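Chain residues, written in single-letter form:
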Amino acid sequence: MTDDELLLETDYTSYANSCRDPHIAPGEDLVECRRQRGHADAHATRAGARALRWLAEHTHQPLSA
Ligand SMILES: [Zn+2]
């Protein structure tokens, strides 16, 4: 998947329908995955004009309701 394709997906996915996997980006900013919930492959979000990708964690933290 190219950055352009990823950015299109993140831009057209509403926050409510996005995956929202949390990730500490370089610079220690907390970001959330903005791909569609249930997506395959790496998590990703927009970082300026580029796509930031990260791999899924193997452990799942409990959701804080
Ligand atoms: Zn994700």
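Residues numbered from 1 in each chain as written. Predicted model: local features only at pLDDT ≥ 70, side-chain atom pairs only at ≥ 80, totals over all residues.

## Description of the overall build of the chain
From N to C terminus, the chain includes one helix and four strands. Counting helices and strands in the order they occur from the N terminus, the chain gives α-β-β-β-β. Long-range contacts, defined as pairs at least 24 residues apart, comprise 28% of the intrachain contacts of the chain with a sequence gap of at least 6. (Helix = DSSP H or I, 4+ residues; strand = E, 2+ residues; numbered from the N terminus. Contact = placed C-beta atoms within 7 Å.)

## Section: the pairing of strand 3 (residues 43-47)
Of the pairings in the sheet, the one linking strand 3 to strand 4 (residues 50-54) comprises five bridges and is antiparallel in character. Along strand 4, the bridge assignment pairs Thr 45 with Leu 52. Counting the residues in the hairpin turn of strand 3 and strand 4 gives two residues, including Gly 48, whose phi is positive at 70°. (Pairing = 2+ DSSP bridges.)

## Notes on the confidence of the model for the chain
Residue-level pLDDT values for the chain average 89, and 86% of them are 70 or greater. For the chain, per-element mean pLDDT is lowest for strand 1 (residues 22-24), which scores 93, and highest for helix 1 (residues 3-12), which scores 96. (pLDDT = per-residue confidence, 0-100.)

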